[in-house]
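A closer look at the structure
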Amino acid sequence: MADKRPKEDPINKVKSMARNLVDNIFDDLIEKNVLNGDELKRLGDGVNLIVNGTENLVENLAEKSQMASKILTKCLFRQQLTLDSHSESENDESDNSESSSTESEDESEKDTDDEKAGSAMALALPPSDPQEIQDSQPNHNLKLCSYEYFQRIKTTKADEIYPVMEQEGRTRLALIICNKEFTHLPHRNGFEIDLSGMQDLLENLGYSVITKVDLTAVEMEAALWEFAARPEHRSSDSTILVFMSHGTLEGICGTKHQKTEPDILHDDTIFQIFNNRNCQSLRDKPKVIIMQACRGKGTGTAWVADTGGASICRYDRTLQCYIWSDAVTKTHVEKDFIAFKSSTPHNISWRTDKYGSLFIYQLINHFKEYSWCYHLEEIFRKVQHSFENTEELAQMPTIERVSMTRYFYLFPGI
């Protein structure tokens, strides 16, 4: 049976809500002796004008509901936005306080940077409405690849894709380094959403996830060397490294970073640890680096043995390099890498207390939606496309230092 109860007048409902809100505020102000009776009366007269004008407000909003909804959504969402970083050109120390909203290091220029943050916020919007985000997250599961589709791509694109191992006998590993607490930099609010989201995604993609939190640059480097030496890489088809921290143009901030004593893990260090000279277990296998932080900035060849045994070698003065015996093959030192970073150099990355980093949020959603049928670079481009409208979000992730020679499909479920 249809509900016969009369619907409440929306205008009266809004007016009632406004009065209740103001009443609660005034009660608290009087209780704390902030206002006396005369002051309350004067304020009350003004509030009556506001509340009684609600009728015109609601009618106007009703006429332009679509635009009003958009504006209200922006205003509400911006209250939760925080900056992951200042412009990397400053690279200075900031106040270690909850009110700081950026992942930067310049305490002396905090006021100027706050103005920059406010300007950037004026351009920022969530990928979708906050309510849509909240409603979609619990039901947004990873789409799995069918075995038939896997076999078709594997057969038709055999020479174009990286070999993908099936689950039985495969030992994929992923490493997450997440710095949240710093000695001289502000706490990274919202980190737990990024961390749990990435852990869940990587596990569903078939990776055993190793998580390290709150490390200095030296400790991060040690963790990377340890991870690169894991024997599981020999029976894996790829690896994924995720870094979430404060950052500078030079790299990822360790927990003790400050202007006078930098604590930075440089990009080059990461690539060197996992290159073909130092990590042969991952030779010719995709090595994916994901960075949620502020931004940072070579080449060559090496001779590596095809077999695990020791080889006799000599130094060739003409080629100016060592040459091993016949059981050697020339390979690139840096190959099969791809790095996906949350923003362009010198620019900010957005993070919210409630939804985590917008880059990580979009990355997770696009992996869940498209990794069953698209290769990795195409998924990354789709994430970039979601940030394309500068009127909605002033941030552009970048795909960098790509040395992958084939397409990398994740084929979740296989």
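Please read these numbers as outputs of a predicted model, since none were measured by experiment.

1. Focus: the sheet that holds strand β13 (residues 337-341)
With respect to topology, six strands assemble into an open sheet ordered β3-β2-β4-β8-β13-β16, the strand pairing being mixed. Of all the strands in the sheet, the pair left with one neighbour each is β3 (208-213) and β16 (398-400). Averaged over all neighbouring strand pairs, the angle between strand axes comes to 15°, with direction disregarded. In terms of strand pairing, strand β4 (residues 239-244) meets strand β8 (residues 287-292) through six bridges, oriented parallel. Opposite M244, over in β8, you have Q292 as the bridge partner. Here helix α8 (residues 191-204) sits on the sheet and contacts β2 (173-178), β3, β4 and β8; the angle it forms with β2, its principal contact strand, is near 180°. Along the sheet, helix α9 (residues 217-228) makes contact with β2, β3 and β4, crossing β2 at roughly 175°.

2. Comments concerning the packing of helix α11 (residues 358-370) against helix α12 (residues 376-386)
Two elements in contact, α11 and α12, have axes separated by 9 Å at closest approach and are oriented at 130°. When the axis of α11 is compared with that of α12, the two are oblique. The crossing of α11 and α12 is right-handed. Each of Q362, L363, H366, F367 and Y370 in α11 lies in contact with α12, whose residues at this interface are L376, I379, F380, K382, V383 and S386. Of the residues in the contact of α11 with α12, the class split is seven nonpolar, three polar and one charged.

3. A closer look at the packing of α8 against α11
Two elements in contact, α8 and α11, have axes separated by 10 Å at closest approach and are oriented at 20°. Here α11 runs roughly parallel to α8, going by the angle between their axes. By crossing handedness, the relation of α8 to α11 is classed as left-handed. On α11, the residues that touch D194, G197, M198, D200 and L201 of α8 are I360, L363, I364, F367 and K368. Looking at side-chain class alone, the contact of α8 with α11 contains six nonpolar, one polar and three charged residues.

Definitions and limits used
Starting afresh in each chain, residues are numbered from 1 along the sequence in its written order. With pLDDT at 70 or above as the cut-off, local features in this predicted model cover only qualifying residues; side-chain atom pairs require 80 or more to be listed or tallied, and sums for whole chains, interfaces and linings still use all residues. Only hydrogens and water are removed before side-chain values are computed, so all heavy atoms of the structure are retained for them. Pairing between strands requires that DSSP locate at least two bridges from one strand to the other. Starting at the N terminus, helices and strands are each numbered in turn, a helix being any DSSP run of H or I of at least four residues and a strand any DSSP run of E of at least two. Working convention: axes come from line fits to C-alpha atoms, limited for helices to the stretch in contact. Angles between N-to-C directions cover 0 to 180 degrees. Residue contacts follow a heavy-atom distance rule, with two residues in contact if any of their heavy atoms lie within 4.5 Å. Each angle is binned into one of four classes, with values under 35 degrees roughly parallel, values over 145 roughly antiparallel, values of 65 to 115 roughly perpendicular, and all other values oblique. Whether a crossing is left-handed or right-handed is set by the direction in which the near helix is turned from the far one by less than a right angle, anticlockwise for left-handed and clockwise for right-handed. Three classes are used: nonpolar for Ala, Val, Leu, Ile, Met, Phe, Trp, Tyr, Cys and Pro, charged for Asp, Glu, Lys and Arg, and polar for all others, with Gly counted as polar.

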